[in-house]
Amino acid sequence: MWSRIGFLGILAYFHVGAGLLLKNRAVNDAPLVIVDVYYEALCPDSVDFIVKQLYPTMQSIGHIANVSLIPYGFATETFVDGQWVFKCQHGPKECKANIIQSCAIHFLDPGPGSYLHRVKDTVPKEIEFVNCMESSEDPSTAGPKCAKKQRIKYGPISACAKGSEGNYLQHIMAQKTEALNPQPGFIPWINFNGAHTEANQDRALQDLTGLVCDLYTGEKPSQCKKEI
């Protein structure tokens with residue numbers, strides 16, 4: 001049988017170990033860089049940013065960033081007969097793709113508090129999905145193919161996009177975009193840690209990885225050091 005001294009020793013060992021773990025986490029943890037991307041699904045500049053800047057950044061240093069995607073841009077909305085009617089800068093196909101992506105983001109995003117935002121070498125599912133759509137010849141029809149590639153069910157996303165839920169979710173994206181101050185003068189419009197500056201906007205379009213590395217206040221990942 002275990003002696004009382006032996007049992008207390010084991011408890012003390014785990015207590016000290018847990019304390020050191022928490023201490024190390026407190027030292028190494030830092031706030032994630034918050035990145036809000038306001039974009040349009042068929043906008044060439046949005047496509048270029050997502051495919052060439054955002055996705056590679058998430059592949060390399062995604063664990064130090066918390067990215068929110070807001071597909072709406074310069075669209076407009078009107079409430080008609082109990083639902084929102086959207087008009088998009090690049091036509092009906094863009095509205096369709098925006099709504100599909102709004103639904104995918106709703107179903108796939110685990111939320112800012114999820115441990116997944118801290119996992120290295122793991123791109124969030126909603127960003128994988130949106131990048132796949134944006135990389136396609138016609139993003140408005142790429143949903144099923146991209147869902148299959150990620151081994152996720154497209155049925156709920158499709159039902160959402162065709163129904164009242166998708167209509168409401170796209171209205172939420174409209175509200176988020178229209179609440180911006182200053183209002184976007186260019187799409188994609190990119191905010192960092194809740195604020196917009198011309199300098200950050202311009203750099204993000206050319207070197208998002210380097211910018212996120214510079215904005216992160218914790219210990220820089222090795223990938224950041226390669227950017228120097």
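Preceding this section is the structure that the text describes.
The present account deals with the structure reproduced in this document.

Quick notes on the rules
- Residues numbered from 1 in each chain as written.
- Predicted model: local features only at pLDDT ≥ 70, side-chain atom pairs only at ≥ 80, totals over all residues.
- Heavy atoms only, no water.
- Helix = DSSP H or I, 4+ residues; strand = E, 2+ residues; numbered from the N terminus.
- Buried < 20%, exposed > 50% of the residue type's maximum accessible area, 1.4 Å probe, protein only.
- Contact = heavy atoms within 4.5 Å.
- Areas by Shrake-Rupley, 256 points an atom, 1.4 Å probe, with all protein chains shown as cover.
- Pairing = 2+ DSSP bridges.
- Axes fitted to C-alpha atoms, helices over the stretch in contact; angles between N-to-C directions.
- Disulfide = S-S within 2.5 Å.
- Phe/Tyr/Trp six-rings, centres within 6.5 Å; stacked < 30°, edge-to-face > 60°.
- Parallel < 35°, antiparallel > 145°, perpendicular 65-115°, else oblique.
- Left-handed = near helix turned anticlockwise from the far one by under 90°.
- Nonpolar A, V, L, I, M, F, W, Y, C, P; charged D, E, K, R; others polar.
- Core = buried A, V, L, I, M, F, W, Y, C linked by side-chain atoms within 4.5 Å.
- Right-handed = clockwise from strand over helix to strand, strands pointing away.
- Salt bridge = Lys/Arg side-chain N within 4 Å of Asp/Glu carboxyl O.

Some remarks on the overall build of the protein
Counting its secondary structure elements, the protein contains 9 helices and 5 strands. When the helices and strands of the protein are listed from N to C terminus, the series reads α-β-α-β-β-β-α-α-α-α-α-β-α-α. A total of 228 residues make up the protein; the buried ones form 46% of that total. Long-range pairs, those at least 24 residues apart, make up 71% of the contacts in the protein with a sequence separation of at least 6. Summing over all exposed atoms, the protein offers an accessible surface of approximately 12800 Å²; the carbon and sulfur share of this is 57%.

Focus on the sheet that holds strand β1 (residues 33-39)
Spatial ordering of the open sheet is given by β2-β1-β5, a layout of 3 strands whose pairing is mixed. Two strands close off the open sheet at either side, each with one partner strand: β2 (65-71) and β5 (189-192). Here the average twist between neighbouring strands, direction ignored, is 15°. Two elements, β1 and β2, share 7 bridges in a ladder whose sense is parallel. Paired with D36 across the bridge in β2 is S68. Packing against the sheet, helix α8 (residues 198-215) makes contact with β1, β2 and β5, and its axis sits at approximately 25° to β5.

A look at the state of the cysteines
One covalent bond between the sulfur atoms of two cysteine residues makes up a disulfide. What the rule picks out here adds up to 4 disulfides. Sulfur-sulfur distance for the disulfide between C88 and C95 comes to 2.1 Å. Note on the C88 and C95 pair: the S-S dihedral is about 115°, so by sign convention the disulfide is right-handed. A relative accessible area of 14% places C88 in the buried class. The class of C95 is buried, set by a relative accessible area of 10%. With a sulfur-sulfur separation of 2.1 Å, C103 is cross-linked through a disulfide to C160. The chirality of the disulfide connecting C103 with C160 is left-handed, given an S-S dihedral of about -75°.

Remarks on the packing of aromatic side chains
Applying the stated criterion across every chain yields a total of 2 aromatic pairs. With a centroid separation of 6.5 Å and an interplanar angle of 80°, the aromatic rings of Y72 and F86 are classed as edge-to-face. Taken together, the positions of Y72 in the loop between β2 and β3 (76-80) and F86 in strand β4 (residues 83-87) put the pair 14 residues apart, joining distant regions of the chain. With respect to burial, Y72 and F86 carry one shared label: buried.

Topic: the packing of helix α3 (residues 92-108) against helix α4 (residues 125-134)
Packing of α3 against α4 leaves a shortest axis separation of 8 Å and a crossing angle of 160°. Judged on the interaxial angle alone, α4 and α3 are roughly antiparallel. Note that α3 runs across α4; the crossing there is right-handed. Touching A97, I100, Q101, A104, I105 and L108 of α3 are K125, E126, F129, V130, M133 and E134, all from α4. By residue class, the composition of the contact of α3 with α4 is 8 nonpolar, 1 polar and 3 charged.

Digging into the nonpolar core
General note: in soluble globular proteins, nonpolar side chains tend to be found buried as a group. Core analysis: the largest hydrophobic core is formed by 59 residues, its most contacted members being V67, L69, F129, F192 and V212. The element contributing the most residues to this core is α3, with 8 residues. Each residue touching F192, except ones within four places of it in the same chain, is listed here: V33, I34, V35, N200, A204, L208, L211, V212 and L215.

So, the pairing of β2
Of all 7 residues in β2, 6 are buried; the element is thus mostly enclosed. After leaving β1, the chain enters helix α2 (residues 44-61) and then returns to the sheet as β2, a path that is right-handed.

Quick notes on the pattern of salt bridges
Applying the stated criterion to the full structure yields 4 salt bridges. Between D48 and K52 there is a salt bridge, with its nearest N and O atoms 3.0 Å apart. With D48 and K52 both in helix α2 and 4 residues apart, the pair spans about one turn of that helix. Judged by relative accessible area, K52 falls into the exposed class, the value being 57%. The closest approach of N and O atoms between D214 and R203, which form a salt bridge, is 2.6 Å. Assessed through its relative accessible area of 31%, R203 is described here as partly exposed. Each of R203, D207 and D214 takes part in a single network of salt bridges with overlapping partners.

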